[in-house]
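Working through the structure, step by step
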Amino acid sequence: MTTASTATLSHYIGGDWRPGSGKRAESTNPAAPEDVVAQYEIADSELLDAAITSAVGAARGWDEVGVLARGKILRNAAQILERRAEEVAALMTREEGKTLADARGEVGASVETLYYHAGAARRPTGTTYPSASPDELVRTVRRPVGTVGVVTPWNFPLQIPCWKMAPALMWGNTVVWKPASDTPAVAVALAEVLAEAGVPAGVVNLVIGPGSLGSELVADPRIDAVTFTGSVPVGHMIRDIVIPRGGRLQMELGGHNPAIVLPDADMAGAAAFITAAAMNSTGQKCTATRRVIAVGSAYDRLVPELTAAVQALRVGPGDEDGAQVGPLVSRRARDEVAGSIEQAVGEGATILAQADAPDDGGYYVAPTVLEGQASLTIANEEVFGPVTTVLRVDDLDAAIDLANATPFGLTASVFSRDEASIRRCVDHVAAGLVKVNAPSTGSEVHAPFGGLADSSFPAPREQGSDAVADFFSVTKTAYLRALPADPGS
């Protein structure tokens, strides 16, 4: 791996790049921790206040720009990001650790998201209703919510911010964005793209800092809505701040996603999809497959295919040719995942397969397949890394019960050729997304995305035109009565 130079980052507030408070922080390369990717002075309360003030002050002007002009700016952003795709993907690999193939895929998905919401600006909005009065028109009008606080994670440092900010901007809202402190350089790259695309000063504001800065952001009464992706404990803390003060809240949280494999499934195909869903992006996806529920005789046919697929994975630096799994994002993340695997073995789990992983100082954990009882801690609590656990059950009813036995409900997969079994899983597995003969990961930008139970919050989903409109806009009803012509005119 070639060590590149260290970038010095600034915060983007009111259209200007500004230094922070003086307290310094840095991001490093997970594959080579001695490689400092970026350094910066963190934002303090004074800088955050300036960002919120700037966003609030820019709100009316951004609204009055008009939806088609806003859509054009988003289209510009998509084109700029598309031109910078290789540069941004390489930066993402260096800072977050995912493979270059995964990083390129994320950049491509982010470009698609920007194009989609740019195009959504031309969709019809509002509904016309009949009126009891023949000279009256009743229709709905969508208006911006106001200023949106955006708090995003490190695992998709480009795509998730695009998911949230593109529709927020299209609907006429201004944004204060606090990204994860592990991936600030990618956040700055996106802010640069938006600024170059023509987003006016104050409409998007970027502040970089620790989690406490996000707590201040969501607590500010000038923030009309908050959209957050991250862990369940942090999500619940944000909920307890935002809801009592009357703010809007959208959250996508953790997952403990099952893959149910029935005896009639294509076992080689199921194993390939499960391996990809569990191990791609080093398992650092909220939609990753954490449990494999093998029904009846499926176990004996699935496990050899699954173990062979995992053992064949190539682990290494994300920019290394042929690398399929990179390092974890940080030392803390690596230690948590390695400790969870060790704990599972101590609780009686068996390691069925592990891939080879480098032992060179990078934050690697060997991709691992475990087998054990449903009572294992790792089979109930989210572990954010390349590990999945195979569980045996006798029949489909038991599989569905086990799939629903955690507090989560984000995604699920079912592998079968039997339509009746598939329909039962779609109807009764408690997950916001159910994938049939497909990995638990991945979604389409034009379809709603979100989970159930502790994986989400009862608010409009992310993605999908209707879902984002319901969160990022306010519906008003207008009664328009025509007056007779003035006879004196």
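The structure this text deals with has already been given above.
The sections below set out a description of the structure shown in this document.

Cut-offs and rules
Residues numbered from 1 in each chain as written. Predicted model: local features only at pLDDT ≥ 70, side-chain atom pairs only at ≥ 80, totals over all residues. Heavy atoms only, no water. Pairing = 2+ DSSP bridges. Helix = DSSP H or I, 4+ residues; strand = E, 2+ residues; numbered from the N terminus. Axes fitted to C-alpha atoms, helices over the stretch in contact; angles between N-to-C directions. Phe/Tyr/Trp six-rings, centres within 6.5 Å; stacked < 30°, edge-to-face > 60°. Buried < 20%, exposed > 50% of the residue type's maximum accessible area, 1.4 Å probe, protein only. Lys NZ or Arg CZ within 6 Å of the ring centre and 35° of its normal. Right-handed = clockwise from strand over helix to strand, strands pointing away.

Some points on the sheet that holds strand 16 (residues 368-371)
- Taken in spatial order, the seven strands make up an open sheet running 15-16-17-14-13-18-19, and their pairing is mixed. Looking at which strands have only one partner, the edges of the open sheet turn out to be strand 15 (350-354) and strand 19 (433-436). When strand polarity is set aside, the average angle formed by the axes of neighbouring strands in this sheet is 20°.
- With three bridges connecting them, strand 13 (residues 257-261) and strand 18 (residues 411-415) associate as parallel partners.

A few points about the packing of aromatic side chains
- Under the definition given, this model contains five aromatic pairs.
- On the numbers, 4.7 Å between centres and 45° between planes, the contact of Tyr12 with Trp17 is tilted.
- Ring centres of Phe273 and Phe415 lie 6.4 Å apart, and the angle between their planes is 20°; on these two criteria the pair is classed as stacked. Taken as a pair, Phe273 in helix 9 (residues 267-279) and Phe415 in strand 18 lie far apart in primary sequence, 142 residues in all.
- Here Phe415 falls in the buried class, since its relative accessible area comes to 3%.
- The ring of Trp171 has Arg142 lying over it, and the distance from NZ or CZ to the ring centre is 5.9 Å.
- The side chain of Arg392 reaches across the aromatic face of Tyr299, ending 3.6 Å from its centre.

Description of the pairing of strand 8 (residues 147-151)
- With five of five residues buried, strand 8 lies mostly within the body of the structure.
- Covered by surrounding structure in strand 8 are Thr147, Gly149 and Val151 together with Val148 and Val150, the residues of both alternating faces.
- Here strand 8 runs beside strand 9 (residues 174-178); their pairing, made up of five bridges, is parallel. Note on strand 9: the bridge partner recorded for Val148 is Val175.
- For the handedness criterion, the β-α-β arrangement of strand 8, helix 5 (residues 159-170) and strand 9 is classed as right-handed.
- One ladder, built from four bridges, connects strand 8 with strand 11 (residues 225-229); its direction is parallel. Across the sheet, the residue bridging to Val148 is Ala225, located in strand 11.

Observations concerning the sheet that holds strand 1 (residues 7-8)
- Judged by pairing direction, the sheet is mixed, and its three strands sit side by side in the order 1-5-4 without closing on themselves. In this open sheet, the two strands that pair with only one neighbour each are strand 1 and strand 4 (24-29).
- Summarising the sheet, strand 4 and strand 5 (residues 32-41) pair through six bridges and their orientation is antiparallel. Bridging across to strand 5, Thr28 finds its partner in Val36.

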